[in-house]
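Here is how the chains run, residue by residue.
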Amino acid sequence: MSTITTIRKGNLEASIDSQGAQLMSVKRDGGEYLWQGDPKWWPRRAPVLFPIVGNIRNDEADSAQGKVRLGRHGIARNCDHDIAEATESSVTYQLVSTPQTREKFPFDFKLNMTYALTDEFLVQRFQVTNTGDVTLPFTLGGHPAFNVPAPGDDADFSEYVLKFAEPWTFSTGTLVEGGLWDLSNRMPLLQDSDTLHLTHQLFDVDTLMFENVPQRTVQLLGPAGHGVQLDFDGFDYLGIWSAANNAPFVAVEPWRGPATCTDEDDTFENKRGMDLLEPGEVAEYQFTIRPF
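Here is what the cut-offs are and how they apply
- Residues numbered from 1 in each chain as written.
- Predicted model: local features only at pLDDT ≥ 70, side-chain atom pairs only at ≥ 80, totals over all residues.
- Heavy atoms only, no water.
- Phe/Tyr/Trp six-rings, centres within 6.5 Å; stacked < 30°, edge-to-face > 60°.
- Buried < 20%, exposed > 50% of the residue type's maximum accessible area, 1.4 Å probe, protein only.
- Pairing = 2+ DSSP bridges.
- Helix = DSSP H or I, 4+ residues; strand = E, 2+ residues; numbered from the N terminus.

Within this structure, the stated rule accounts for 20 aromatic pairs. Plain terms: the ring middles of tryptophan 35 and tryptophan 41 are 6.1 Å apart, the flat faces sit at 70 degrees to each other, and that makes the pair edge-to-face. Using a relative accessible area of 5% as the deciding quantity, one classes tryptophan 35 as buried. For the pair phenylalanine 105 and phenylalanine 107, a centre-to-centre distance of 5.1 Å together with 50 degrees between the ring planes defines the contact as tilted. Put simply, the rings of Phe50, Phe105, Phe107, Phe109, Phe138 and Phe268 touch in pairs and so form one group of aromatic residues.

The following block contains the structure:
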């Protein structure tokens, strides 16, 4: 059964749903920063992406353990997660492999998702344990979407920017049929600049994928100085997305790895950004969200 848990610390508050271990609300001083899932544009808010990010070719791949059959973004977002531990300012969820998950992803795992508040930010932590006796291949990511405009700001979407830590030059790959990345066909986004100005038209190509973001930090920033900052050390990819028809949100998505790329084969272990975890080993990654 789906259960909403709310955690608080200082002037920050966050709510999480056990269904998908999905973040449902991030408030600072009572103002809501997280997208609230209006189905007119997109009904989700911040799904957990595991054991894939995006798509694999035709939703199927080969692996050392047999066929992997996974839809977009994997299985964690569609499962009910148990609460393993909870305090006033943090909650940890747990998802373990079952015969049902092994039908789609033939590996044993334990995924713990922790959400914890400090005085300034929310920590979203992934902990993956290989509970099987063979190497566990996986990748993971977050998908939090944020209201535009942010609380305390009534600016237009086009007045918002992505602000990076330093000037850099970057061109994104393009998504093609089946949700695969063509990294040979790139669209310029930044030329020796630390600022990308946002427009709805920018997302006509769907998702923008950044690689090796400087200092692994970015701000979604409005003209009144309000927005969110994400710090994502350990995540080499960053997805930026907004839905069609002028959706009033932007998703800022730290990824360990991307969807399958057109130059990759269909062996699951060979995908870019794939973690290969030995039996009994534990991998842990986290990113933070700072609303301001």
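Having seen the structure, we can now continue with the description.
This part takes up the sheet that holds strand β1 (residues 4-9). With respect to topology, four strands assemble into an open sheet ordered β1-β2-β3-β4, the strand pairing being antiparallel. Each end of this open sheet is capped by a strand with a single partner; those strands are β1 and β4 (31-32). Pairing between strand β3 (residues 22-28) and β4: two bridges, direction antiparallel. Pairing of arginine 28 across the sheet is with glycine 31, part of β4.

Buried residues are scarce in strand β7 (residues 82-86), accounting for zero of its five residues. With four bridges joining them, β7 and strand β8 (residues 90-96) adopt antiparallel strand pairing. Paired with aspartate 82 across the bridge in β8 is glutamine 94. Two successive antiparallel strands, β7 and β8, enclose a turn made up of three residues.

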